[in-house]
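A structural walkthrough
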Amino acid sequence: MSENYLTFALAKGRLADNAMKLLKDSGVSCPEMENKNSRKLIFTNEEYKYKFFLAKASDVPVYVERGAADVGFAGKDTLREEHKNICEVLDLGFGKCRIMVAGYDTPANRLKLAHGHNLRIATKYPNIATEYFENKNQSIEIIKLNGSVELAPIVGLSDFIVDIVETGTTLQENGLTILEEIGELSARMVVNTASIKIKNHQITNLIRNLEKTLSEGR
Ligand code: PRP
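Residues numbered from 1 in each chain as written. Predicted model: local features only at pLDDT ≥ 70, side-chain atom pairs only at ≥ 80, totals over all residues. Heavy atoms only, no water.

**So, the site of the ligand**
- Close contacts around the ligand come from Lys124, Gly147, Ser148, Glu150, Asp163, Ile164, Val165, Glu166, Thr167, Gly168, Thr169 and Thr170, and that covers them all.
- Contact between the ligand and glutamate 166: an oxygen atom at 2.8 Å from a main-chain N or O atom of the residue.
- Note that an oxygen atom of the ligand is positioned 2.8 Å from one of the backbone N or O atoms of glycine 168.
- In the complex, 65% of the free accessible area of the ligand, which totals 500 Å², lies under the protein chains.
- A majority-of-atoms criterion places the ligand in the largest pocket.
- Top contributing element to the shell around the ligand by residue count: strand β9 (residues 160-165), with three residues.
- Looking at the shell around the ligand, its residues break down into two nonpolar, six polar and four charged. (Near = heavy atom within 4 Å. Polar contact = N/O pair within 3.5 Å; in protein donor to acceptor, adjacent residues only side chain to side chain. Areas by Shrake-Rupley, 256 points an atom, 1.4 Å probe, with all protein chains shown as cover. 1 Å grid on protein atoms, 1.4 Å probe; cavity = no way out; pocket = protein on both sides within 12 Å on 5 of 7 lines; lining within 4 Å. Sits in = over half its atoms within 2 Å of the grid points. Helix = DSSP H or I, 4+ residues; strand = E, 2+ residues; numbered from the N terminus. Nonpolar A, V, L, I, M, F, W, Y, C, P; charged D, E, K, R; others polar.)

In structure tokens:
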């Protein structure tokens, strides 16, 4: 963590674009970062002493927990999955989606999902899936994938998937159905546990400004 700077880690992709817009509307801007062709990894606003970097979504909690970033913007799916010792301070309202159990909607599958054991679950979220089925007292075998999880039941790799659903298009176009809902998700702001004390004034102001922007619906 850089002493004089407030350092932000943003999950790459759509979430980062939304987060940068929210920050800009709240008075925290970084013109250098608006050049989409740049291959730079870290961006600085020298005037206001901010640093920003983009990271793979699942790495954002790691940077924040270890203090390499004071503040992180990441999806609740990542935070639930990674279980890091960080403070979740604000629901940013965008990136809304749900995490679901999905598969082929057949009577046999419904029965299996309700009462079966040794279910083969393909997912990018092994911890979330394990916790969910443990709470239902059902044993599962996790098949960890890194993308295109919907393929797994189609090619016979798994019985079901645990994955995020935003519009539902991917499931629908592949003949799969939501069978159970695990929870609702959205983008969150997280803060390093030491930064929240050491940089309390800056972080409190930031939260206040973000809340104001969010309440104005910008
Ligand atoms: C996510 C998710 C689903 C899809 C859901 O994948 O894992 O596959 O989006 O979106 P929808 O309900 O709007 O169709 P992502 O696009 O992040 O790609 P990935 O499968 O390669 O991880």
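**As for the nonpolar core**
- Phe8, Leu23, Phe52, Phe73, Met189 and Leu206 are the most contacted members of the largest nonpolar core, which has 38 residues in total.
- Put simply, the parts of the chain that give this core at least two residues each are β1 (6-11), α1 (14-25), β3 (50-55), α2 (60-65), β4 (71-75), β11 (187-191) and α9 (200-215).
- Top element by residues in this core is α1. It accounts for six residues.
- Leave out the neighbours within four places in its chain, and phenylalanine 8 touches Leu23, Val28, Tyr50, Lys51, Phe52, Phe53, Ala69, Val71, Phe73 and Leu206.
- One finds Cys97, Val101, Tyr132 and Val162 within the second-largest nonpolar core, a separate group that totals 16 residues. (Core = buried A, V, L, I, M, F, W, Y, C linked by side-chain atoms within 4.5 Å. Buried < 20%, exposed > 50% of the residue type's maximum accessible area, 1.4 Å probe, protein only. Contact = heavy atoms within 4.5 Å.)

**Quick look at the sheet that holds strand β8 (residues 140-144)**
- Spatial ordering of the open sheet is given by β8-β7-β9-β6-β10, a layout of five strands whose pairing is mixed. On the outer flanks of this sheet lie β8 and β10 (177-185), each paired with one strand and no other. Each strand of the sheet is rotated relative to its neighbour by a mean of 25°, with strand direction disregarded.
- In terms of strand pairing, strand β7 (residues 119-123) meets β8 through five bridges, oriented parallel. Paired with arginine 120 across the bridge in β8 is glutamate 141.
- Its contacts with the sheet put helix α4 (residues 107-115) on β6 (97-103), β7, β9 and β10, and the angle it makes with β10 is roughly 40°. (Pairing = 2+ DSSP bridges. Axes fitted to C-alpha atoms, helices over the stretch in contact; angles between N-to-C directions.)

**Side note on the pattern of salt bridges**
- Tallied over the full model, the rule gives 13 salt bridges.
- The salt bridge partner of glutamate 88 is arginine 188, with a shortest N-O separation of 2.7 Å. With glutamate 88 in strand β5 (residues 87-91) and arginine 188 in strand β11, the pair connects residues that are 100 residues apart, well separated along the chain.
- Under the relative-accessibility criterion, arginine 188 is labelled buried at 12%.
- For aspartate 105, the salt bridge is made with arginine 110, and the minimal N-O distance between the two is 2.8 Å. (Salt bridge = Lys/Arg side-chain N within 4 Å of Asp/Glu carboxyl O.)

**Re the environment of lysine 49**
- With respect to the element layout, lysine 49 can be found in the loop between β2 (42-45) and β3.
- For lysine 49, a relative accessible area of 33% corresponds to the partly exposed category.
- Between the C-alpha atoms of lysine 49 and aspartate 77, which are 28 residues apart in sequence, the distance is 30 Å.
- In contact with lysine 49, not counting residues within four places along its chain, are Asn4, Tyr5 and Leu6.

**Regarding the packing of aromatic side chains**
- What the rule picks out here adds up to seven aromatic pairs.
- Taking 5.0 Å as the distance between ring centres and 15° as the angle between the ring planes, the aromatic pair formed by phenylalanine 8 and phenylalanine 52 counts as stacked. Linking phenylalanine 8 in strand β1 with phenylalanine 52 in strand β3, this pair joins segments that are 44 residues apart in sequence. Each member of the pair, phenylalanine 8 as well as phenylalanine 52, carries the same accessibility label: buried. (Phe/Tyr/Trp six-rings, centres within 6.5 Å; stacked < 30°, edge-to-face > 60°.)

**Comments concerning the domain arrangement of the protein**
- Split into domains, the protein comes out as domain 1 (6-95 + 186-217) and domain 2 (97-184).
- On a C-alpha basis, the centres of domain 1 and domain 2 stand 30 Å from each other.
- Contact with domain 1, which involves six residues of that partner, is made by ten residues of domain 2.
- Together, the buried faces of domain 1 and domain 2 total about 820 Å²; carbon and sulfur atoms form 38% of this surface.
- On the domain 1 side of the contact with domain 2, Asp77, Arg80 and Glu81 bury the most area, a combined 65% of that side's loss.
- Remark: the boundary between domain 1 and domain 2 carries one salt bridge.
- Ionic pairing is found between glutamate 166 and arginine 14, a salt bridge with its closest N-O pair at 3.1 Å.
- Scanning the region where domain 1 abuts domain 2 turns up six residue pairs in polar contact (both at pLDDT 80 or more).
- For the side of domain 1 that touches domain 2, the element with the highest residue contribution is helix α3 (residues 76-82), accounting for three residues. (Domains from an automatic or database assignment. Buried area = accessible area lost by both parts, 1.4 Å probe.)

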